[in-house]
Amino acid sequence: MNHQQHHSNHHKQMVEDFRKRFYVSLILSLPVLVFSPMIQNFLGYSLEFFFQDYLLFALSSIIFIYGGQPFLKGFYSEIKKREPGMMTLIAIAISVAYIYSGAVVFGLKGKMFFWELVTLIDIMLAGHWIEMKSVMGASGSLELLVSLIPDTAHKITGDEIIDISLDQIKKDDILLVKPGEKIPADGIVIEGESAINQSMLTGESIPVTKMKGDEVIGGSINGNGSLKIKVVNAGDDSYLKKVIHLVEEAQKTKSKTQHLANKAAKWLTLVAIGTGIITFISWIIAGYDISFAIERMVSVMVISCPHALGLAIPLVVAISTSVSAQHGLLIRNRTAFENARKISAIVFDKTGTLTKGEFEVSRYHSFLSEYSDKDILKIAASLEANSEHPIAQGIIQKAKELSIATFDISQFESMTGKGIKAVWNDHEIMIVSPGYLKEKNITIPATDKESSMETIVYLLIDEKLAGLIALSDSLRSESKSAIEQFKKDGIKVYMATGDNKKVAMAVADILKLDGFYAEVLPHEKVEIIKNLQSRGEFVAMTGDGVNDAPALAQADIGIAVGSGTDIAAETADIILVKSNPMDILHLIRFGKATYKKMIQNLVWATGYNALTIPLAAGILFPFGILMSPAAGAILMSLSTVIVAINARLLKYSIKN
């Protein structure tokens with residue numbers, strides 16, 4: 001059983017425990033109410049017998065010990081940690097009512113609070129039960145992610161197919177996925193074709209067709225075709241397990257807003273205890289009897305429980321992190337997510353975010369007489385065979401189309417943001433960006449007319465410019481509408497790319513960007529971010545999480561995009577599973593909605609206490625208005641339920 005399932009089962013047991021305690025206490029409360037002198041007077045009937053008070057004491061004792069146990073245990077735990085909270089208030093309130101009433105039964109002159117005591121415990125148990133069900137509902141989305149992991153997999157060994165458990169799956173295993181089954185691990189399709197439903201993982205609204213060579217994500221649901229897949233990541237290395245871990249961590253992480261709420265709840269507890277004591281003393285000094293003073297004190301302590309305040313933020317956190325994960329938005333840094341509302345400028349990397357990132361070779365030619373145009377493509381494809389970059393895939397695909405066989409290279413090395421290099425036949429070969437040529441003062445010969453949307457990479461052999469390969473990458477259909485929406489929301493949009501100026505300008509013109517930076521290296525992107533920040537902008541940076549790591553770290557909010565099954569972007573605050581710019585818009589709007597819900601809940605929780613504490617203390621008593629402890633408990637529980645319902649409405653905010 002994994003940690004999440006264990007936590008979930010524990011939560012279910014607690015919900016069941018509160019439910020059971022509530023019903024047992026409620027049933028035992030009925031005779032307490034029936035035989036209570038105050039209720040009898042109020043309803044105009046009389047039921048008296050010799051041991052009536054002792055029966056009331058006995059039944060109330062059972063309810064106090066059994067029904068009040070969670071609050072008394074909570075009180076002990078809070079005092080031990082020196083962090084008094086809502087359990088402290090509830091425990092003090094029910095203990096004062098119980099001890100004083102017991103003393104009255106055994107000879108002290110005064111009024112018994114047994115019916116107030118038992119109804120107070122019943123209402124508090126009901127409130128906790130409802131609250132815990134709400135919390136469980138909030139983390140239900142995460143449970144849904146956990147449930148996507150199948151129990152077994154069909155492993156192919158030779159001609160035999162055997163069923164194995166998930167923990168037996170290893171990298172490079174060949175698995176059979178039958179129609180309608182969940183895919184047990186991240187892998188690559190080696191045989192078959194099928195439509196895969198990955199909506200619960202990436203937010204894709206329609207099934208995605210997968211065929212030989214395509215990646216599949218563990219936890220997604222296979223359609224009507226059978227697939228054979230080769231395992232790439234299994235167990236804790238799988239995409240789904242990483243997502244679950246990230247969501248759990250994000251839910252545990254406290255943002256500044258949550259720290260503020262926790263601090264406020266702690267102070268409210270101390271204020272409530274102080275106000276309760278002052279209320280008691282004030283009514284005694286005013287000449288009222290001890291029973292009346294205790295009733296006021298208990299009412300103040302119950303109604304001022306910072307329950308709603310304590311729940312205001314954690315519920316929103318639980319819902320926002322799990323729901324966003326279902327839509328392919330993975331939150332690593334909660335404060336950054338909540339700060340999305342402040343974004344005034346966003347810097348996009350171009351390839352794969354604003355554009356499709358699917359490059360096709362449009363032309364290639366040699367600058368050296370000893371190498372033909374085809375040689376240039378052959379050398380480039382051999383070198384790029386070791387790279388995962390979209391440009392590399394475009395070059396390799398062109399070589400395959402032309403049936404150009406590649407050769408082996410050695411000492412492959414990636415030069416972050418500049419290109420790649422290796423050794424072939426004692427020659428150093430490199431594929432580099434225009435920025436690298438500029439940096440090394442290598443002159444680019446005049447070439448035939450190039451398209452404004454072409455991306456050009458250069459082949460160097462022993463540091464001599466040997467040839468070029470031009471590729472075209474088309475804009476994403478969503479980019480234009482996303483940029484328009486950013487601008488409507490008052491966000492300036494910039495682009496920083498390692499690509500040449502002509503391509504960058506063409507993209508910027510079509511999308512009507514506020515500005516662009518071309519032929520920039522990773523360290524130069526950092527300077528761009530710093531420059532925008534110095535102008536007072538709150539900057540979000542979107543990049544691939546590897547080449548753009550320094551810029552992601554420098555930005556106020558770093559968003560790693562297009563990471564597919566690789567979600568290990570350590571410097572990013574937020575990771576987007578897909579490279580769709582609309583998802584960034586949804587992320588920012590969902591961040592705003594989340595923060596708004598937090599503030600609404602905080603305002604409600606604190607405003608409720610500000611209004612009800614004076615009422616409970618008896619400020620309107622001269623006008624004949626008095627609030628009983630039970631009425632206070634109902635209002636307190638109602639406040640908690642309102643906060644829970646408001647938090648759950650957040651589910652409908654994403655992508656709306």
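Shown above is the structure to which this text applies.
Residues numbered from 1 in each chain as written. Predicted model: local features only at pLDDT ≥ 70, side-chain atom pairs only at ≥ 80, totals over all residues. Heavy atoms only, no water.

**Student:** I tried to follow the overall build of the chain on my own but got confused; where do I start?
**Tutor:** Across its full length, the chain holds 23 helices and 22 strands. Sorting the 656 residues of the chain into buried and exposed places 52% on the buried side. If you take every contact in the chain between residues at least 6 apart in sequence, the share linking residues at least 24 apart comes to 69%. (Helix = DSSP H or I, 4+ residues; strand = E, 2+ residues; numbered from the N terminus. Buried < 20%, exposed > 50% of the residue type's maximum accessible area, 1.4 Å probe, protein only. Contact = heavy atoms within 4.5 Å.)

**Student:** Mind showing me how you'd approach helix H19 (residues 501-511) here?
**Tutor:** Taken together, the buried positions of H19 are Val503, Ala504, Ala506, Val507, Ala508 and Leu511. Following H19 by one or two positions, Lys512 has its phi on the positive side, about 55°.

**Student:** Help me understand the sheet that holds strand S2 (residues 160-165) in this model?
**Tutor:** Within a beta sheet, neighbouring strands are joined by backbone hydrogen bonds and run either parallel or antiparallel to one another. The strand order across the open sheet formed by six strands is S2-S1-S3-S9-S4-S7, and the pairing between neighbours is antiparallel. Edge positions in the sheet fall to S2 and strand S7 (215-216), since each has one partner strand and no second. As defined by bridge partners, strand S3 (residues 174-177) adjoins strand S9 (residues 227-233) across four bridges and the pair is classed as antiparallel. Within S9, the position partnered with Leu175 by the bridge is Ile229. (Pairing = 2+ DSSP bridges.)

**Student:** Would you take a moment to explain the sheet that holds strand S14 (residues 419-424) for this structure?
**Tutor:** Spatially, the six strands line up as an open sheet ordered S12-S17-S16-S15-S14-S13, and their pairing is antiparallel. In this open sheet, the two strands that pair with only one neighbour each are strand S12 (360-366) and strand S13 (410-415). Each neighbouring strand pair of the sheet contributes to a mean axis angle of 20°, computed without reference to strand direction. Two strands pair when backbone bridges link them, and S14 and strand S15 (residues 427-432) are joined in this way by six bridges, in the antiparallel orientation. Bridge pairing links Gly419 to Val432 in S15. Against the sheet, helix H15 (residues 373-384) engages S12, S13, S14, S15, strand S16 (454-461) and strand S17 (464-472), with an angle of about 120° to S12. (Axes fitted to C-alpha atoms, helices over the stretch in contact; angles between N-to-C directions.)

**Student:** Any chance you could explain the side chain of Thr497 here in plain terms?
**Tutor:** Residue position: Thr497 is located in the loop between strand S18 (492-496) and H19. Setting aside its immediate chain neighbours within four residues, Thr497 contacts Asp349, Lys350, Ala504, Tyr517, Ala518, Glu519 and Val520.

**Student:** Sorry if this is basic, but what is going on with the pattern of salt bridges here?
**Tutor:** When charged atoms on two side chains of opposite charge get close, those side chains can pair. With the rule as written, the count across this model stands at nine salt bridges. Residues Glu191 and Lys228 are paired through a salt bridge, measuring 3.7 Å at the closest nitrogen-oxygen approach. Remark: Lys228 occurs in strand S9 and Glu191 occurs in strand S4 (residues 186-191); sequence separation between them is 37 residues. (Salt bridge = Lys/Arg side-chain N within 4 Å of Asp/Glu carboxyl O.)

**Student:** Would you mind showing me how to read the packing of H15 against helix H16 (residues 390-401) here?
**Tutor:** Helix-helix packing is characterised by the crossing angle of the two axes and by the distance between the axes. Orientation of H15 relative to H16, taken along the N-to-C sense of each, is 130°, at an axis distance of 9 Å. It follows from the interaxial angle that H15 and H16 lie oblique. Once H15 is placed against H16, the crossing between them reads as left-handed. In this structure, H15 uses Leu377, Ala380, Ala381 and Glu384 to contact H16, whose residues at the interface are Ile391, Ala392, Ile395, Ile396, Lys398 and Ala399. Taken together, the residues that form the contact of H15 with H16 break down as eight nonpolar, no polar and two charged. (Parallel < 35°, antiparallel > 145°, perpendicular 65-115°, else oblique. Left-handed = near helix turned anticlockwise from the far one by under 90°. Nonpolar A, V, L, I, M, F, W, Y, C, P; charged D, E, K, R; others polar.)

**Student:** Just checking my understanding: could you explain the pairing of S17 for this structure?
**Tutor:** Walk down a regular strand and you will see the side chains alternate between the two sheet faces. For S17, the buried fraction is high: seven of the nine residues fall into the buried class. Relative to S17, S12 runs antiparallel, the two sharing six bridges. Of the residues in S17, the one forming a bridge with Glu360 is Ser472. Where S16 and S17 come together, eight bridges link them in antiparallel fashion. Across the sheet, the residue bridging to Thr455 is Leu471, located in S17.

**Student:** Got a minute to help me understand unusual backbone geometry in this structure?
**Tutor:** Positive phi outside glycine occurs at Asp172, with the angle close to 75°. The residue Asp172 is located in the loop between S2 and S3 in this model. Looking at Asp172, the relative accessible area reads 45%, which means it is partly exposed. Even without a glycine there, the phi angle at Asn441 is positive, about 55°.

**Student:** Explanation requested: the environment of Glu215 in the structure shown.
**Tutor:** Of note, Glu215 is situated in strand S7. By relative accessible area, Glu215 is classed as partly exposed at 45%. A sequence separation of 26 residues divides Glu215 from Val189, and the C-alpha atoms of the two residues are 6.4 Å apart.

**Student:** What's the story with the environment of Val493 in this structure? I'm lost.
**Tutor:** Tracing the sequence through the fold places Val493 in strand S18. Note: C-alpha distance between Val493 and Lys512 (19 residues apart in sequence) is 8.9 Å. Filtering out sequence-adjacent residues up to four positions away, Val493 remains in contact with Ile346, Phe348, Ile483, Phe486, Leu513, Asp514 and Gly515.

**Student:** Explain the nonpolar core here, please?
**Tutor:** Nonpolar side chains tend to gather and get buried jointly when the protein is soluble and globular. One finds Ile346, Phe486 and Ile584 to be the most contacted residues of the largest nonpolar core, which totals 49 residues. Ranked by residue count, the leading element in this core is helix H22 (residues 581-617), at nine residues. Residues contacting Ile346, with those up to four places away along its chain left out, are Phe486, Ile491, Lys492, Val493, Tyr494, Ala540, Thr542, Ile584 and Ile588. (Core = buried A, V, L, I, M, F, W, Y, C linked by side-chain atoms within 4.5 Å.)

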